Amino acid sequence: MRHFLRDDDLSPAEQREVLELALAMKAEPYARKPLAGPQTVAVLFDKSSTRTRVSFAVGIADLGGNPLVMDTGTTQIGRGEPIADTARVLGRMTSAVVWRTYAQAGLEDMAAHAGVPVVNALSDDFHPCQILADWLTVLEHKGTLAGLTVAYLGDGANNMGHSYVLGGATAGMHVRVGAPSGYQPDPAIVADAQRVAATTGGSVVITDDPAEALRDADVVITDTWVSMGQEDEKAERLALFSGYSITTEAMGLARPDAVVLHCLPAYRGLEIAADVIDGPQSVVWDEAENRLHAQKAVLAWLLAKAS
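My aim in this report is to walk through the structure given alongside it, one point at a time. (Residues numbered from 1 in each chain as written. Predicted model: local features only at pLDDT ≥ 70, side-chain atom pairs only at ≥ 80, totals over all residues. Heavy atoms only, no water.)

Some details on the side chain of Thr137
Then, number 1: Along the chain, Thr137 turns up in helix H5 (residues 128–142).
Then, number 2: Using a relative accessible area of 0% as the deciding quantity, one classes Thr137 as buried. (Helix = DSSP H or I, 4+ residues; strand = E, 2+ residues; numbered from the N terminus. Buried < 20%, exposed > 50% of the residue type's maximum accessible area, 1.4 Å probe, protein only.)

Written as structure tokens, this is what we have:
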């Protein structure tokens, strides 16, 4: 049984296959119905969500299925039922499980016992569905992924930093993470990404110098500096990351035709300037829409592998 729990669950060839399927699905949104029946997909949320909730609910319906969207606080998981027990029940009643949660270990437990494909809709360690949407967006605007230079600035120790190094290496991209010391990606995940990059022609560079990360970049990316659960650290984080903001001046270090991504929600004037996110180099709204198409593709791909 194949699952999508972290970015390198897809090989380089498989990542390309899923992205090509996403392009085809975007061109013909209702042509493929792998969930006809309708089959049901359980979509579980431990955390608040806008884009993930909407894109999975709409995408599952587009695929001919029924999205069963549940906040886990109202389920027995919220009362302490073992994940393995919930997984065994969901696997007998649904065709796949999508979960936005905290611990990566919980997703792994779900995948080990569900008997159906499990998709990571965000965990504390990885956000692989977002990276598929991002690379779909870059592919649309640049025509290719391999060989491009990607600069990600801000908190490199979060799920986005981890997924960018893994997903970028898988795509054969040159990924540079600019983040202060102590907020850089997990060295074990960087090592995993570097092993992948050695097979794809990509590379991974971690630096505390934002200018080094940005120089001649084809793609410039940032994320909120204060993620869910970090509100008590807000003042400290704003001070620490102030030099990593994507401003017009910072964009001057990237290539003139560089595109800008942000997974949202965005805080204008903090991690990104209003004139950048709302400016001509921003492809943020294409990126947000592409969550729908990328997630439809990965669900359809996993269901085909399971059949």
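A short note on the packing of aromatic side chains
Then, number 1: With the rule as written, the count across this model stands at four aromatic pairs.
Then, number 2: Ring centres of Tyr183 and Phe241 lie 5.3 Å apart, and the angle between their planes is 75°; on these two criteria the pair is classed as edge-to-face. Of the two residues, Tyr183 sits in the loop between strand S6 (174–178) and helix H7 (187–200) while Phe241 sits in the loop between helix H9 (234–240) and helix H10 (248–251), which places them 58 residues apart along the sequence.
Then, number 3: On the basis of relative accessibility, which here comes to 0%, the residue Phe241 falls in the buried class.
Then, number 4: The structure contains a cluster of three or more aromatic residues connected by ring pairs, namely Trp135, Tyr152 and Tyr164.
Then, number 5: Sitting over the face of the ring of Phe45, Arg53 holds its NZ or CZ atom 4.3 Å from the ring centroid. (Phe/Tyr/Trp six-rings, centres within 6.5 Å; stacked < 30°, edge-to-face > 60°. Lys NZ or Arg CZ within 6 Å of the ring centre and 35° of its normal.)

What to know about the pattern of salt bridges
Then, number 1: Taken as a whole, this structure holds 13 salt bridges when the rule is applied.
Then, number 2: A salt bridge links Arg2 to Glu14, with the shortest nitrogen-to-oxygen separation between them at 2.9 Å. With a gap of twelve residues between them, Arg2 in the segment before helix H1 (12–27) and Glu14 in helix H1 connect regions that are remote in the sequence.
Then, number 3: Residue Glu14 is classed as buried on the basis of its relative accessible area, which comes to 16%.
Then, number 4: Two residues, Arg268 and Asp278, come together in a salt bridge whose shortest N-O distance is 3.0 Å. You can see Arg268 sitting in the loop between strand S9 (259–262) and helix H11 (274–277) and its partner Asp278 sitting in the loop between H11 and helix H12 (284–306), a full ten residues away along the chain. (Salt bridge = Lys/Arg side-chain N within 4 Å of Asp/Glu carboxyl O.)

Quick look at the sheet that holds strand S2 (residues 66–71)
Then, number 1: Pairing is parallel in the open sheet, where four strands are placed in the order S2-S1-S3-S4. Of all strands in the sheet, those bounded by a partner on one side alone are S2 and strand S4 (118–122). Shown here is a sheet whose adjacent strand axes are inclined to one another by a mean of 20°, direction ignored.
Then, number 2: Relative to S2, strand S1 (residues 40–45) is paired through six bridges, and the arrangement is parallel. Residue Val41 lies in a different strand from S2, and its bridge partner there is Pro67.
Then, number 3: Where helix H4 (residues 104–114) meets the sheet, it contacts S1, strand S3 (96–100) and S4, and its direction lies at approximately 160° from that of S4. (Pairing = 2+ DSSP bridges. Axes fitted to C-alpha atoms, helices over the stretch in contact; angles between N-to-C directions. Contact = heavy atoms within 4.5 Å.)

Quick word on the sheet that holds S6
Then, number 1: With respect to topology, five strands assemble into an open sheet ordered S7-S6-S5-S8-S9, the strand pairing being parallel. Each end of this open sheet is capped by a strand with a single partner; those strands are strand S7 (203–207) and S9. Strand-to-strand, the axes of this sheet are offset by a mean angle of 20°, without reference to chain direction.
Then, number 2: Bridging between strand S5 (residues 149–153) and strand S8 (residues 219–222) involves four bridges; their strand directions are parallel. Paired with Val150 across the two strands is Val219, which belongs to S8.
Then, number 3: Helix-sheet contacts for helix H6 (residues 159–170) involve S5, S6, S7 and S8, and the interaxial angle to S6 is about 165°.

Here we look at the pairing of S5
Then, number 1: Most of S5 is tucked away: five of the five residues are buried.
Then, number 2: Neither face of S5 is open: one carries Thr149, Ala151 and Leu153, the other Val150 and Tyr152, and all of them are buried.
Then, number 3: Direction of pairing for S5 relative to S6: parallel, over a ladder of five bridges. Note that in S6 the partner of Thr149 across the bridge is His174.
Then, number 4: Running through H6, the crossover from S5 to the neighbouring parallel element S6 is right-handed. (Right-handed = clockwise from strand over helix to strand, strands pointing away.)

Fair warning: the whole summary comes from geometry, so function is off the table for now.
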